[in-house]
Amino acid sequence: MAAQVAILARTKKLIQALYPAKSISTFTFLSQEPQLVEASIPDSQPSPSPLPPNPATGSPLYNENWRNASPNNPSLAQTLVPLGFLNQTPASRLHALSSSLDVQAMMNLFADWMTQQRWPDMQQLFEYWTRSLDKNGKPNKPDVNLYNHYLRANLMIGAPAADLLDLVAQMEEFAITPNTASFNFVLKAMCRDRETQAAEKLLERMLQAEKESLPDFESFNLVVEILFETDQIDAALKYIDMVLKSGYMLSINVFHLCVRRCLNQGRLDTLVSIIEKCKTMDQNKALCPSWPTCSDIADAAMQADNSKLAFYALEFMAIWIARGENARPPLMLSIDEGMVVSALGTAGRTYNSTLLDASWAILRRSLRQKKAPNAESFLGKIYAHASLGNLQRAFSTLHELETAHGNSNKEAEDVFCPFTSLYPLVVACSKKGFETLDSVYYQLETLSRGDPPYKSVAALNCIVLGCANIWDLDRAYQTFDAISSSFGLTPDIHSYNCLMSAFGRLKKTFEASRVFEHLVSKGVKPNAMTFTLLVDAHLIDRDAKAALSVIDEMVTAGFEPSKETLKKVRRRCIREMDYESNDKVDSLARRFKIRMGTETRRDMLFNLPSTTEYAS
């Protein structure tokens, strides 16, 4: 035993000499060297038992070390990511990927790559894939949907329309029939490159093709948009008609272009027809131009007295107002009141009650009960109702006008003047002669006894002037007298003016003068219309000097004669050959800086030189 211990000690010293020990602090990392087991006597140790057999024996997966699997192994080629895939170049990676995908896998991969906009990779992978073999050893064959992804990739890369058309033609090599989406990619390229004629020809070809490649709403919208942008209005309108007849939907951009081009070209009736067709279709009834475009439509329609288009413009604006009120936060849009007045005038000129009701409704909604409409709006509504012959609603509107704006004396003098503001109502009252006048008078008389009673001097003034318009002096005087006797009201200056007009028309100048003297004695202040009517009465009686004397009184009272009045007086002076009075008219015109407009022609006719040179 002692001999063995001595042998082990010498062996340990020999090992230490061959492998000197180092301190652990001198290493930058822990030593990974294996330690030698202390020698032992073989004769005294039992032999190790053998390992069990390798369970992978005979498996092709383990022919070599499992850490270095063979890339040529066919079973490993079906893995999701090929071995060494990440270490390859992009082209080699796509080439390797193309040999491991089928049609459905390609579709899924392309769907993922489209979200990442990897268009060049889609193009290259498709080309590699069509040159590869499938698992059965046959060439890969795409379907039409996969090929359309290839067309989309080429379009997004910027391929010309001619190249895309060639690619569509190559679909026959794969026994694929192009569908509508295939041609739409070509149309998009043509529209991008402004190839208008080619796009139109391709659309015509699609119309004559089979059912699978018939144009859809996108095809029509693409072609119509480029036609509008190149000002080919007739062709664009032809295809819009096809779109609407086919039941397809117009894009909002095409609708805006259509509206703009029709407005610029003055084709308002065409625009009305398109809007009407859109409103009858569920797909297009929600189309609505922008707010500024609606304003432009309304302006163009009212200038052309197109009541239908004006109504549609107000309807579009009402839609925008409703959208703004429902938005969060709310956006309070309001229509300009001057536009409403123009719309009411258009409704009156075109006898369109629908436009009248729509105009007033959108005005009320725009004001939101915060203020009453302006007097001009009420007058426009009165004019529209009077034109339509609806006198009951016209006088009802007059009552609303008196309630809202009857307190201001200065404003009331102009607003309630039957010679200007309320003259459309006067014309409507005298349209059928005394029959209509009597009917309106009896209605006013009935209303005056109602609860609450309605009494209006302005309404009675319209009847007095209406009687004067039909030369019925008796009815005019009786109505004037009834203002105070039957209705208990005080006649205003307009009442006296209406009675003076009735006397003046029948050449009763003396009676007209008596009316003027009476109103002055009653303390009623005459206005410019009072003096003008008295001047007209003297001119009807062919008394130019008396007319000039009234004009002098008019100027003294602080009123300025109108150009029309001075022209009437001068015309009477010329006819009566009263050149002295004519010179006075000219001096009045120069005083008030009124250009009469016929001085040069008059001098040429009446101041010719007295000579016989022209006869020689």
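Residues numbered from 1 in each chain as written. Predicted model: local features only at pLDDT ≥ 70, side-chain atom pairs only at ≥ 80, totals over all residues. Heavy atoms only, no water.

- For the protein, an unreviewed UniProt entry supplies the name Pentatricopeptide repeat-containing protein and the organism Tripterygium wilfordii.

Some thoughts on unusual backbone geometry
Stage number 1. Following Arg328, the chain continues into Pro329 via a peptide bond in cis, with omega recorded as 0°.
Stage number 2. Within the secondary structure, Pro329 is located in the loop between α14 (307-326) and α15 (337-350).
Stage number 3. Look at the link from Asp451 to Pro452: it is a cis peptide, with omega at 0°.
Stage number 4. With respect to the helices and strands, Pro452 occurs in the loop between α21 (434-448) and α22 (457-469).
Stage number 5. Phi is positive for Arg368, close to 55°, though the residue is something other than glycine.
Stage number 6. Position of Arg368 among the secondary structure elements: in the loop between α16 (353-367) and α17 (375-388).
Stage number 7. Even without being glycine, Gln369 reaches a positive phi, approximately 60°.
Stage number 8. By the secondary structure assignment, Gln369 is in the loop between α16 and α17.
Stage number 9. Accessibility expressed as a relative area gives 82% for Gln369, which makes it exposed. (Helix = DSSP H or I, 4+ residues; strand = E, 2+ residues; numbered from the N terminus. Buried < 20%, exposed > 50% of the residue type's maximum accessible area, 1.4 Å probe, protein only.)

Observations concerning the UniProt feature "repeat: PPR" (unreviewed entry) in the protein
Stage number 1. As recorded in UniProt, the feature "repeat: PPR" (unreviewed entry) lies at residues 179-213, 492-526 and 527-561.
Stage number 2. Segment residues 179-213 splits into 71% helix and 0% strand. End C-alpha atoms: 4 Å apart. (UniProt positions renumbered as here; feature names shortened; annotations may be inferred.)

Some words on the pattern of salt bridges
Stage number 1. Enumeration over the complete set of coordinates arrives at 23 salt bridges.
Stage number 2. Among the ionic pairs, Glu315 bridges to Lys279, the shortest N-O distance being 3.2 Å. Placement of the pair is Glu315 in helix α14 and Lys279 in helix α12 (residues 268-279), with a sequence separation of 36 residues.
Stage number 3. Judged by its relative accessible area of 29%, Glu315 falls in the partly exposed class.
Stage number 4. Arg365 is the partner of Glu325 in a salt bridge, and the nearest nitrogen-oxygen pair spans 3.0 Å. Here Arg365 lies in helix α16 and Glu325 lies in helix α14, a separation of 40 residues in the sequence. (Salt bridge = Lys/Arg side-chain N within 4 Å of Asp/Glu carboxyl O.)

Overview of the confidence of the model for the protein
Stage number 1. Summary statistics for the protein give a mean pLDDT of 82 and a share of 80% for residues scoring 70 or more.
Stage number 2. Between residues 1-8, whose pLDDT stays under 50, and residues either more than four places distant or in other chains, the model counts 2 contacts.
Stage number 3. Taken together, the stretch residues 10-15 has pLDDT below 50 and engages in 0 contacts with residues farther than four places along the chain or on a different chain. (pLDDT = per-residue confidence, 0-100. Contact = heavy atoms within 4.5 Å.)

Side note on the packing of aromatic side chains
Stage number 1. One pass over the structure, following the stated rule, counts 15 aromatic pairs.
Stage number 2. When the ring of Phe531 is compared with that of Phe559, the centres are 6.0 Å apart and the planes differ by 45°; the resulting orientation is tilted. With Phe531 in helix α26 (residues 528-540) and Phe559 in the loop between α27 (544-556) and α28 (563-575), this pair connects stretches of sequence that are 28 residues apart.
Stage number 3. Taken together, Phe126, Trp129, Tyr147, Tyr150 and Phe174 form an aromatic cluster joined through their ring pairs.
Stage number 4. Stacked on the ring of Trp113, the Lys or Arg Arg118 has its end atom at 4.2 Å from the ring centre.
Stage number 5. The aromatic ring of Trp320 is capped on one face by Arg323, whose charged end is 4.9 Å from the ring centroid. (Phe/Tyr/Trp six-rings, centres within 6.5 Å; stacked < 30°, edge-to-face > 60°. Lys NZ or Arg CZ within 6 Å of the ring centre and 35° of its normal.)

As for the environment of His494
Stage number 1. Relative to the helices and strands, His494 is located in helix α24 (residues 493-505).
Stage number 2. Distance from His494 to Cys417, taken between C-alpha atoms, is 6.4 Å for residues 77 residues apart in sequence.

A closer look at the environment of Ile274
Stage number 1. Along the chain, the position of Ile274 falls in helix α12.
Stage number 2. Judged by its relative accessible area of 7%, Ile274 is buried.
Stage number 3. Residues Ile274 and Leu244, spaced 30 residues apart in sequence, show a C-alpha to C-alpha distance of 8.6 Å.

As for the packing of α28 against helix α29 (residues 579-591)
Stage number 1. Their axes nearest at 9 Å, the elements α28 and α29 cross at an angle of 160°. With respect to their mutual orientation, α28 and α29 come out roughly antiparallel. Where α28 crosses over α29, the two elements pack in a sense that is left-handed. Contacts between α28 and α29 involve Leu566, Val569, Arg570, Cys573 and Ile574 on the former and, on the latter, Ser581, Asn582, Val585, Asp586, Leu588 and Ala589.
Stage number 2. Of the residues belonging to the contact of α28 with α29, the class tally is 7 nonpolar, 2 polar and 2 charged. (Axes fitted to C-alpha atoms, helices over the stretch in contact; angles between N-to-C directions. Parallel < 35°, antiparallel > 145°, perpendicular 65-115°, else oblique. Left-handed = near helix turned anticlockwise from the far one by under 90°. Nonpolar A, V, L, I, M, F, W, Y, C, P; charged D, E, K, R; others polar.)

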